[in-house]
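# Fold and geometry: a report
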Amino acid sequence: MKKKRNQKGMISVLLAVVILGIFLISGMMTYAVSSGRLPLHAKKAEIAEAHALEVSSNSTSSAENETSIPETSASTTETSSTEEAVEIKDPAQLAPGKNHNDAASEYAYSTAEVRGIINGEISYEGPRVCFLTFDDGANGVITPKILDILKAEGVPATFFVVGKEVGEAMRPVLTREIQEGNAIGIHSFNHDYGLLYPNGTANPGQIKNEAIQAQTALKTLFGDDFRTNVWRYPGGHMSFSNMKAADAALAESGMEWIDWDAMTGDAEPASRRPKNAQEAVAFQEKSMAVYPDNQMRVVLMHDAEDKNITVEALPQIIEFYRQNGYTFGVLE
Ligand SMILES: [Zn+2]
């Protein structure tokens, strides 16, 4: 009984193999007849490549390809490998662990180094680099206008955002900042001098906590791949006491601070503040004289809601730096 059953089993297996063989042979014949084979394959590869590049599809040739089974499976593997080969990285993609996208990696500079250079602690004779910086954002009024100008000029900037402004409402603006090749730094969470520097003396614990809070808010928007190491003290590092302890507390959470060595004066007291774009441009040029020999310029500006003069002056500020041989970088 056992033997008989085995024999029957073997016969049905053999039958199955024979049927499968016929299937395969007829399939290959159809394939050989219906296609021009190699030349057509080459064509398909070209078509697939063109599609991947132009992102336009829906050609009749791909519909024809689907009529014969072996051909379709062959062309599928070919297409997918071709797409891999020509795949272009999304330029808006966040560089992992960074405060900017992949494209901005080419002109991103170490904050600690730039700080040393503008402070005169590190000697630098290299090409001139300008870092446009904007504090106090993000907002839906001025920040988009600044972004429009930067985009039109093809120039990047670093935005020092206030943590409490970082939320869903500002997602489009903050996403643009990254997508368009800019960088994001932190300008505290609350921007409250009384909390950060009670009686003019830095509170290191508060400062560190605000850095972490703002970082968390940014990660909530951008995901865990985002990380900024860049911090600007509200009011500036030079304005308060106990700053060594504050710097050390920031360093514990991986943050490097940076001030500036040029400014448009857009947050100066009213008596000194430029009243139009021309005055802002003049103020900026004059401010450079404080550090006459610096080859790197970190330009302090603001993108708070009332900074229309900064928006008006920005194209001329950019032009000034272009005329003087500067390229533009971001801080990381
Ligand atoms: Zn500020």
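Here's what I pulled together on the structure shown here. (Residues numbered from 1 in each chain as written. Predicted model: local features only at pLDDT ≥ 70, side-chain atom pairs only at ≥ 80, totals over all residues.)

### Points about the overall build of the protein chain
Helices and strands together make up the secondary structure of the protein chain, namely 12 helices and 10 strands. For the protein chain, with 332 residues in total, the buried portion stands at 34%. Sequence-distant contacts, at least 24 apart, represent 79% of the contacts inside the protein chain between residues at least 6 apart. (Helix = DSSP H or I, 4+ residues; strand = E, 2+ residues; numbered from the N terminus. Buried ≥ 20, exposed ≤ 12 C-beta atoms within 10 Å, placed from the backbone. Contact = placed C-beta atoms within 7 Å.)

### Describing the environment of Ile258
Counting through the fold element by element, Ile258 comes out in the loop between strand 6 (256–257) and strand 7 (262–263). Among residues more than four places away in sequence, those in contact with Ile258 are Thr111, Val114, Arg115, Val230, Arg232, Val298 and Leu331.

### What about unusual backbone geometry?
Residues Gly137 and Ala138 are joined by a peptide bond in cis, for which omega reads 0°. Along the chain, Ala138 falls in the loop between strand 2 (129–137) and helix 6 (142–153). You will see that His191, though not glycine, has its phi angle at about 55°, which is positive. With respect to the secondary-structure elements, His191 resides in the loop between strand 4 (183–186) and helix 8 (193–196). Taking the number of C-beta atoms within 10 Å as the measure of exposure, His191 has 18 and is therefore partly exposed. Its identity as a non-glycine residue notwithstanding, Asn242 has a phi of 65°, on the positive side. Among the secondary structure elements, Asn242 is positioned in the loop between strand 5 (230–231) and helix 10 (243–252). For Asn242, a count of 14 C-beta atoms within 10 Å gives the class partly exposed.

### Remarks on the nonpolar core
Val114, Phe131, Val161, Val298 and Val299 are the most contacted members of the largest nonpolar core, which has 66 residues in total. Here this core takes 6 residues from helix 12 (residues 308–323), the largest share from any one element. Setting aside chain neighbours within four positions, we find Phe131 in contact with Val114, Thr158, Arg297, Val298, Val299, Gly329, Val330 and Leu331. (Core = buried A, V, L, I, M, F, W, Y, C linked by C-beta atoms within 7 Å.)

### Quick look at the environment of Arg128
Mapped onto the elements, Arg128 comes out in the loop between helix 5 (111–119) and strand 2. On the basis of neighbour counts, which here come to 14 C-beta atoms within 10 Å, the residue Arg128 falls in the partly exposed class. Sequence separation of Arg128 and Tyr321 is 193 residues, and the distance between their C-alpha atoms is 9.1 Å. Every residue in contact with Arg128, bar those within four places of it in the chain, is listed here: Gln295, Asn324, Gly325 and Tyr326.

### Describing the pairing of strand 2
A large share of strand 2 lies buried, amounting to 8 of its 9 residues. In this sheet, strand 8 (residues 296–302) lies alongside strand 2 in parallel orientation, the contact comprising 7 bridges. Bridging across to strand 8, Thr133 finds its partner in Leu300. Both strand 2 and strand 9 (residues 327–328) contribute to a ladder of 2 bridges, which runs parallel. (Pairing = 2+ DSSP bridges.)

### Considering the packing of helix 11 (residues 277–287) against helix 12
Orientation of helix 11 relative to helix 12, taken along the N-to-C sense of each, is 45°, at an axis distance of 8 Å. Taken together, the axes of helix 11 and helix 12 lie oblique to each other. Helix 11 and helix 12 meet at a crossing whose hand is right-handed. Here Ala277, Ala280, Val281, Gln284 and Glu285 of helix 11 lie close against helix 12, whose contacting residues are Ile309, Thr310, Glu312, Ala313, Gln316, Ile317 and Phe320. Each residue belonging to the contact of helix 11 with helix 12 can be placed in one class, and the counts come to 7 nonpolar, 3 polar and 2 charged. (Axes fitted to C-alpha atoms, helices over the stretch in contact; angles between N-to-C directions. Parallel < 35°, antiparallel > 145°, perpendicular 65-115°, else oblique. Left-handed = near helix turned anticlockwise from the far one by under 90°. Nonpolar A, V, L, I, M, F, W, Y, C, P; charged D, E, K, R; others polar.)

### What to know about the pairing of strand 4
Here strand 4 shows no split at all, with Ala183 and Gly185 on one side and Ile184 and Ile186 on the other all buried. As defined by bridge partners, strand 3 (residues 157–161) adjoins strand 4 across 4 bridges and the pair is classed as parallel. Note on strand 4: the bridge partner recorded for Val161 is Ile186.

### Some thoughts on helix 12
Look at helix 12: 24 Å from first C-alpha to last across 16 residues, which is about the 22 Å you get at 1.5 Å a residue. Helix geometry: helix 12 is bent most strongly at Leu314, by close to 40°, with proline Pro315 lying one to four residues after it. Listing the buried residues of helix 12 in full gives Thr310, Val311, Ala313, Leu314, Ile317, Ile318 and Tyr321. The secondary structure elements touched by the buried residues of helix 12 are strand 2, helix 6, helix 11 and strand 8. Note on helix 12: the residue one or two positions beyond its end, Gly325, has a positive phi of about 80°. (Expected span 1.5 Å × (residues − 1). Bend = angle between axes of the 7 residues up to and from the residue.)

### A look at the packing of helix 6 against helix 12
Relative orientation of the contacting elements helix 6 and helix 12 amounts to 25°, with a least axis distance of 10 Å. Between helix 6 and helix 12, the angle falls in the class roughly parallel. You can see that helix 6 and helix 12 cross each other, and the crossing is right-handed. The segment helix 6 lies against helix 12, with Ile142, Lys145, Ile146, Ile149 and Glu153 engaging Val311, Leu314, Pro315 and Ile318.

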